[in-house]
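Structural overview for review
Residue strings, one per chain:
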Amino acid sequence: MHLVLPGVMISARFATGRNHYTRENEMHDLKLSTAVCGIDCFNCEFYYTNIDSFFEKMSEDRKNGFASRGMTKEKLLCKGCRTSGCTMLAGKCETLECVKSKKLDFCFECGDFPCTKLQPLAEGADRYPHNLKVYNLATIKNKGLEQWASEVTEIRAKYFKGKFKIGAGPQK
């Protein structure tokens, strides 16, 4: 079985007749494409497997807006914060640096979880998935990275397009 994620090609690879892409490799790739804070990098428009499609579908006005701010496809192309740092940030990510300094894989492994670096914020909530961090991290902790990855596209869809119902969570 091979894990298939939207935007991430994780499939059998044969370098030679003897070597093959193993389940261990798949899990490593999945971890690399998931931020330490629980953001699903593999679903980001700027992730290297998604960026061409994102720019192809973009209106000319929006392309011009990006270009006027120096935001080229080459500058925005991202391989995930664990690999290349987030191209959305002008400097280092404090959350990533914190997790690295503690030699952890995810924020939920820290004794201070959840800390203020993960606190939800209303500004930009309609465009960015940052308010999903704590929910995603709790889901990864409780269900595992692979199960979360199989659900995260639906989680995102409910977050951005769902209807609010007090006490029931987002509704379709």
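Each remark here, short or long, concerns the structure printed above.
A quick note: this is a predicted structure, and the numbers were derived from the prediction, not measured. (Residues numbered from 1 in each chain as written. Predicted model: local features only at pLDDT ≥ 70, side-chain atom pairs only at ≥ 80, totals over all residues. Heavy atoms only, no water.)

A word on the overall build of the protein
Note the threshold: Working definition: helices are DSSP H or I runs of at least four residues, strands are E runs of at least two. Numbering for both runs from the N terminus. The rule is simple: take the accessible area with a 1.4 Å probe, protein chains only, and divide by the maximum for that residue type; under 20% is buried, over 50% is exposed, in between is partly exposed. Two residues qualify as a contact provided that any one of their heavy atoms is within 4.5 Å of a heavy atom in the partner residue. Accessible surface area values rest on a Shrake-Rupley calculation with a 1.4 Å probe, where residue burial reflects the displayed protein chains alone.
Tallying secondary structure elements over the protein gives eight helices and zero strands in all. Written out in order from the N terminus, the α and β elements of the protein read α-α-α-α-α-α-α-α. Burial status across the protein gives 33% buried among its 172 residues. Restricting to contacts in the protein with at least 6 residues of sequence separation, those with at least 24 account for 53%. Accessible surface computed for the protein: about 11100 Å², of which carbon and sulfur atoms make up 54%.

Some points on the pattern of salt bridges
The cut-off we apply is this: Salt bridges, as used here, are contacts in which a Lys or Arg side-chain nitrogen is within 4 Å of a carboxyl oxygen on Asp or Glu.
This structure, assessed with the given rule, holds seven salt bridges. Among the salt bridges present, the one from D105 reaches K31, with a minimum N-O distance of 3.3 Å. Taken together, the residues span a long stretch of sequence, with D105 in the loop between helix 6 (94–101) and helix 7 (133–143) and K31 in helix 1 (residues 23–32) at a distance of 74 residues. Residue classification places D105 among the partly exposed positions, given a relative accessible area of 31%. K63 is the partner of E60 in a salt bridge, and the nearest nitrogen-oxygen pair spans 3.6 Å. Taken together, the positions of E60 and K63, both in helix 3 (residues 60–68) and three residues apart, correspond to about one turn of that helix.

Notes on unusual backbone geometry
At the junction of F113 and P114, the peptide bond is cis and its omega measures out at -10° in the coordinates. For P114, the location among the structural elements is in the loop between helix 6 and helix 7. Even without glycine at this site, K103 takes up a positive phi of about 55°. Within the element layout of this structure, K103 appears in the loop between helix 6 and helix 7.

Re the nonpolar core
So the rule is basically this: What makes a nonpolar core is a set of buried Ala, Val, Leu, Ile, Met, Phe, Trp, Tyr and Cys residues whose side-chain atoms join them at distances within 4.5 Å.
By size, the foremost hydrophobic cluster in this structure holds 23 residues, and its most contacted members are F42 and W148. The set of elements that each furnish at least two residues to this core consists of helix 6, helix 7 and helix 8 (145–161). No other element matches the five residues that helix 8 contributes to this core. Within the second largest apolar cluster, seven residues are counted, among which are F46, I51, F54 and F55.

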